[in-house]
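# A closer look at the structure
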Amino acid sequence: MVALLVWAAATYAGDTLGIVLSGSDTYVTALIFAVILSLINTLLGGFLRVVTFPLNFLTLGLVYFFITLFMIYVTDAMYDNIAINGFLGYIVIAFIPSV
């Protein structure tokens, strides 16, 4: 589901959002990005959510959004077939898993 929405965002609004998928098959690129994002979110995201729980409690959940943005940034840095240019692309992709 995440891969399909990332692919759709990059295909139809990629120029506006600054999301560029490279490779011969862009859907496979989005699928690999989603798998890497889920692995990073599982391994690193759980730890960060536990550590930042008091701060998350004080900000009424805003910290979780920034943790998700950080996970997407780490995934973008690790996987070279996707390029997210600009903060708006990160925000759109951060909202996709919450849907």
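These remarks concern the structure in this document. (Residues numbered from 1 in each chain as written. Predicted model: local features only at pLDDT ≥ 70, side-chain atom pairs only at ≥ 80, totals over all residues. Heavy atoms only, no water.)

## Some details on the environment of Ile96
In this fold, Ile96 is placed in the segment after helix H5 (87-95). Overall, the relative accessible area of 10% leaves Ile96 in the buried class. Residues Ile96 and Val2, spaced 94 residues apart in sequence, show a C-alpha to C-alpha distance of 6.5 Å. (Helix = DSSP H or I, 4+ residues; strand = E, 2+ residues; numbered from the N terminus. Buried < 20%, exposed > 50% of the residue type's maximum accessible area, 1.4 Å probe, protein only.)

## Observations concerning a nonpolar patch on the surface
Nonpolar side chains collect at one region of the surface, where Leu43, Leu44, Phe47, Val51, Phe70 and Tyr73 lie side by side and expose about 640 Å² of accessible area between them. Only helix H2 (26-51) and helix H4 (62-78) provide two or more residues apiece to the nonpolar patch. The greatest single-element share of the nonpolar patch, amounting to four residues, is contributed by H2. Mapping Phe47 onto the fold places it in helix H2. Residue classification places Phe47 among the exposed residues on the basis of a relative accessible area of 52%. (Patch = residues over 30% accessible without salt bridge, like charges linked within 9 Å, V, L, I, M, F, W, Y side chains within 5 Å. Areas by Shrake-Rupley, 256 points an atom, 1.4 Å probe, with all protein chains shown as cover. Salt bridge = Lys/Arg side-chain N within 4 Å of Asp/Glu carboxyl O.)

## A closer look at the environment of Ala8
In this structure, Ala8 sits in helix H1 (residues 2-17). Taking relative accessible area as the criterion, Ala8 reaches 25% and is therefore assigned partly exposed. In sequence terms Ala8 and Ala30 are 22 residues apart; their C-alpha atoms lie 9.3 Å from each other.

## Some words on the nonpolar core
In globular proteins that are soluble, nonpolar side chains generally tend to be buried together. Within the largest apolar cluster, 24 residues are counted, with the highest numbers of intra-cluster contacts made by Val6, Ile19, Phe33, Ile72, Ile82, Ile84 and Ile93. Counting residues per element, the ones that place at least two in this core are H1, strand S1 (19-21), H2, H4, strand S2 (82-84) and H5. Counting residues per element, this core draws most heavily on H4, which supplies six residues. Ignoring sequence-local partners within four residues, the contact set of Val6 consists of Ala30, Phe33, Ile82, Ile93 and Ile96. (Core = buried A, V, L, I, M, F, W, Y, C linked by side-chain atoms within 4.5 Å. Contact = heavy atoms within 4.5 Å.)

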